[in-house]
Amino acid sequence: MLRLQKHLSLHLQDLLPVHRSASLIQLSLQRVLLSTASATYSSPGHFAADDYLVSTCGITREQAAKAAKCISHWKSFSNADAVLSFLTGPALGLSKADITLLVAKDPRILNCSVDNTLRVRVDRFRSYGFSGAQISIFVRVAPYSFRTFNIDEKLGFWMPFLGSPDKFLRIVRRNSYLVTSDLHKVVKTNIRLLQEYGLSEQEIGKMCVSNPRLLTGNPDSTRAILVRADEMGVPRNTLLFRQAVTAVAGLAPETMASKLKMMAKILGCSDAEVARMVQRNPLVLVRSRERIQRICEFLTKVVGVDTKYIQGLPTILMYSLERRLVPRHYVMKVLQEKGLIRKDQSFYTMVSLSDSVFCSRYVHPHKDVLPSLADAYASACNVKIAT
C-alpha cells in the first residue's frame, strides 16, 4: 500500500505543473488511499464479530447480521468474553441456551460493563429479595428487559403490591408487559378502576396472576371488561364477581354471546336459564364447547341426572371428566352395588370433595371388603377417555 502511494505520488509530480493545485490533488489522493486501507482492515474484524456471535453465543447468521450495528465498534472480544463469563458464572448461572436467547433479543448486552452495569443490576435485584435463580428466570422470560428496565421504579412498586418475587415472575411469564407498562398512565389507572368496582389491592393481585392484562392493558379495555362483568348481575364485593371479571377478561363480547347460545343449545334451556346458571359460576364461560358437551353427555347418559340438575350445580362442569367425574362415579356405583352407601347418594357431594377427603371417606374405610378398590380408583384417575 505504501509503495502504491509513493508511486502514484511521484507519478503525479511528473505529470502536473508545480503549483498549489498539485499539492491539493496529492493530499486528496492520500486520503482516498488511507480510507481504502482502513476499509480493507476493518472488514475482517466485522466478519470475525459475526463469527463470534454465531459460534460463541449460538445465534443464527441472520440474527448476527442484524446485531452487526450493535457491535460495529468492537476492536476485540475481551469485553464480550467478560460479559459471558459473568452471565454464566455463579451470580446467574445461565446456560448456553439462555445466552443464545439473551443475545438474540438484546445483543447490546455484550457491550455492557460487568462491574458498572451487570453486577450493579444483579445487586439491585437481590435488594428486592430475588435469589440468583429467580434473577436467571427473569432473564429467560424477559431477556429484552434485563439490561434496560428501571429496576428501582418497577420492583419498588411491584414487590410491595404483589408480595413476592415468585408471584412477580409468575405474572411476567404470562405477560412481560408488567416490566414495560407505564406505571402511572396504565397500571395505577387500572388498579383504581378495579378498586371502584369493590376489589381490594390483595384481590387485584391474586386475580392478575392469571389475568395480568387487567393491569397492563389499555384502561379503556379494563373499564369495558368491568362493565360487562357487572352486567352479568353478579353482586360486587363477592368471589363470584371476581370470577365474572376473570371470565369476561378472556372473552371478546361476540365470543361470550356465542358461548351462552352454545350452552343453551346443549342443555336445552332458555337464554334466561343459562344466564342464571352463569351467575352461579361465571367461570363455566371459559370451558370449551367440547368439554361442556362431553361432561353433559356423561352426566345425563351415564350418571343419570337431567339438565336441570346441571343448571342448578354448574360447578360440576368445572371438574375433569377423566380425573374426577368418571373415577368417582365408578367408586359410587361399586359402593352402591355392595350396599355400602345409599342408593340416593348425591353424586355432586362425592365429586366436590378434595381427593384426600374423598379417599378417607369412601375408599379407605372399605379396604377389607373391597381390597382392590383403591388401586382401581387410582388406575381410573389415570385413564385417558377417548372423545
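What you see is a predicted model; the values in this text were computed from it and never measured.

**Student:** Can you break down the overall build of the chain residue by residue, with the values?
**Tutor:** When you go through the chain residue by residue, the secondary structure sums to 22 helices and 0 strands. Relative to its full complement of 387 residues, the chain shows a buried share of 43%. Contacts in the chain between residues far apart in sequence, at least 24 positions, make up 66% of those at least 6 positions apart. Working note: accessible area of the chain is about 20,800 Å², and carbon and sulfur atoms make up 54% of it.

**Student:** I'd like a rundown of the pattern of salt bridges, residues and numbers included.
**Tutor:** A complete count under the given rule lists 13 salt bridges for this structure. Across the pair Arg61 and Asp51 runs a salt bridge whose closest N-O atoms are separated by 2.9 Å. Here Asp51 lies in helix H2 (residues 20-55) and Arg61 lies in helix H3 (residues 61-71), a separation of 10 residues in the sequence. The salt bridge partner of Arg140 is Asp98, with a shortest N-O separation of 3.0 Å. Here Asp98 lies in helix H5 (residues 96-105) and Arg140 lies in helix H7 (residues 132-141), a separation of 42 residues in the sequence.

**Student:** Explain the packing of aromatic side chains to me, and be specific about the residues and the numbers.
**Tutor:** Using the criterion set out here, one finds 16 aromatic pairs in the structure. The interplanar angle of 80 degrees and the centroid separation of 5.3 Å between the aromatic rings of Phe125 and Phe130 together place this pair among those described as edge-to-face. With a relative accessible area of 0%, Phe125 lands in the buried category. Aromatic side chains Phe358 and Tyr362 sit 5.5 Å apart centroid to centroid with 40 degrees between the ring planes, which places their arrangement in the tilted category. With Phe358 and Tyr362 both in helix H21 (residues 355-363), this residue pair falls 4 residues apart, about one helical turn. For the pair formed by Phe358 and Tyr362, the shared burial category is buried. Each member of the aromatic cluster is reached from another via a ring pair, and the members are Phe125, Phe130, Phe138, Phe146, Phe149 and Phe168. Positioned above the aromatic ring of Phe358, the side-chain terminus of Arg328 is 4.4 Å from the ring centre.

**Student:** Hey, could you go over the packing of helix H11 (residues 201-210) against helix H14 (residues 239-249) for me, with residue numbers and the actual values?
**Tutor:** It is at 11 Å that the axes of H11 and H14 come closest, and there the two elements cross at 30 degrees. As H11 runs across H14, the sense of the crossing is right-handed. Contact residues: H11 offers Glu203, Met207 and Ser210, while H14 offers Arg242, Val245 and Thr246. Within the contact of H11 with H14, the residues separate by chemical class into 2 nonpolar, 2 polar and 2 charged.

**Student:** Residue-level account of H21, with values.
**Tutor:** Looking only at H21, the buried set comprises Phe358, Cys359, Tyr362 and Val363. The buried side chains of H21 occupy one side of the element, clustering within an arc of 100 degrees when seen end-on. Buried residues in H21 make contact with helix H19 (321-337), helix H20 (347-352) and helix H22 (373-381).

**Student:** Outline the packing of helix H17 (residues 289-303) against H19, supporting the account with residue identities and numerical values.
**Tutor:** Two elements in contact, H17 and H19, have axes separated by 12 Å at closest approach and are oriented at 5 degrees. With respect to H19, the axis of H17 lies roughly parallel. Where H17 approaches H19, its residues Arg294, Ile295, Phe298, Val302 and Val303 are matched on the opposing element by Leu321, Glu322, Leu325, Val326 and His329.

**Student:** Break down the nonpolar core for me, citing the residues and quoting the values.
**Tutor:** Counting residues in each nonpolar core, the largest one holds 115 residues, and the members touching the most others are Leu53, Leu87, Ile109, Leu110, Phe146, Trp158 and Phe168. Discounting residues that sit within four places of it in the chain, Ile109 has contacts with Val83, Leu87, Leu102, Val103, Leu118, Phe146 and Arg147.

**Student:** Could you give an account of unusual backbone geometry, naming the residues involved and the relevant values?
**Tutor:** We note that Asn237 has phi near 60 degrees; this positive angle belongs to a residue other than glycine. With respect to the helices and strands, the residue Asn237 is situated in the loop between helix H13 (219-231) and H14. On the accessibility criterion, Asn237 (59% relative accessible area) is exposed.

**Student:** Any details on H3? Residues and values, ideally.
**Tutor:** Note: α-helices contain 3.6 residues per turn, so residues at a spacing of three or four share the same orientation. All of the buried residues in H3 are Ala64, Ala67, Ala68, Cys70 and Ile71. Viewed end-on, H3 has its buried residues packed into an arc of 160 degrees, placing them on one side of the element. Facing away from the buried surface of H3 by more than 90 degrees, the exposed residues are Glu62, Lys66 and Lys69.

**Student:** Break down the environment of Arg342 for me, citing the residues and quoting the values.
**Tutor:** The residue Arg342 is located in the loop between H19 and H20 in this model. Accessibility expressed as a relative area gives 53% for Arg342, which makes it exposed. On a C-alpha basis, the gap between Arg342 and Met332 in space is 9.5 Å, while along the polypeptide they are 10 residues apart.

The rules we used
- Sequence order as written defines the numbering, with residues in each chain counted from 1.
- With pLDDT at 70 or above as the cut-off, local features in this predicted model cover only qualifying residues; side-chain atom pairs require 80 or more to be listed or tallied, and sums for whole chains, interfaces and linings still use all residues.
- The basis for every side-chain value is the complete set of non-hydrogen atoms in the structure, without hydrogens or water.
- Think of it this way: any DSSP run of H or I at least four residues long counts as a helix, any run of E at least two long counts as a strand, and we number them from the N terminus.
- With a 1.4 Å probe rolled over the protein chains alone, any residue whose accessible area is under 20% of its type maximum counts as buried; one over 50% counts as exposed, and the rest are partly exposed.
- The contact rule is simple, with two residues in contact once any of their heavy atoms fall within 4.5 Å.
- To measure how exposed things are, a 1.4 Å probe is used in the Shrake-Rupley method; for residues, cover is taken only from the protein chains shown.
- Salt-bridge detection follows one rule: a side-chain nitrogen of Lys or Arg within 4 Å of a carboxyl oxygen of Asp or Glu.
- Side-chain rings of Phe, Tyr and Trp, where Trp is taken by its six-membered ring, are said to pair if the distance between their centres is within 6.5 Å; with planes under 30 degrees apart they count as stacked, over 60 as edge-to-face, and otherwise as tilted.
- Only when the NZ of Lys or the CZ of Arg is both within 6 Å of the ring centre and within 35 degrees of the ring normal is a charge said to sit over the ring.
- Fitting a line to C-alpha atoms yields each axis, with helices limited to the stretch in contact; the angle taken between N-to-C directions then spans 0 to 180 degrees.
- Here a crossing is called left-handed whenever its near helix is offset anticlockwise from the far helix by less than a right angle, and right-handed whenever the offset is clockwise.
- Classification used: nonpolar for Ala, Val, Leu, Ile, Met, Phe, Trp, Tyr, Cys and Pro, charged for Asp, Glu, Lys and Arg, polar for all others including Gly.
- Throughout, the arc means the angular range of directions from the helix axis out to the C-beta atoms.
- For classification purposes, an angle smaller than 35 degrees is called roughly parallel, one larger than 145 roughly antiparallel, one from 65 to 115 roughly perpendicular, and anything else oblique.
- We define the nonpolar core as a collection of buried residues of types Ala, Val, Leu, Ile, Met, Phe, Trp, Tyr and Cys that are connected through side-chain atoms lying within 4.5 Å of one another.

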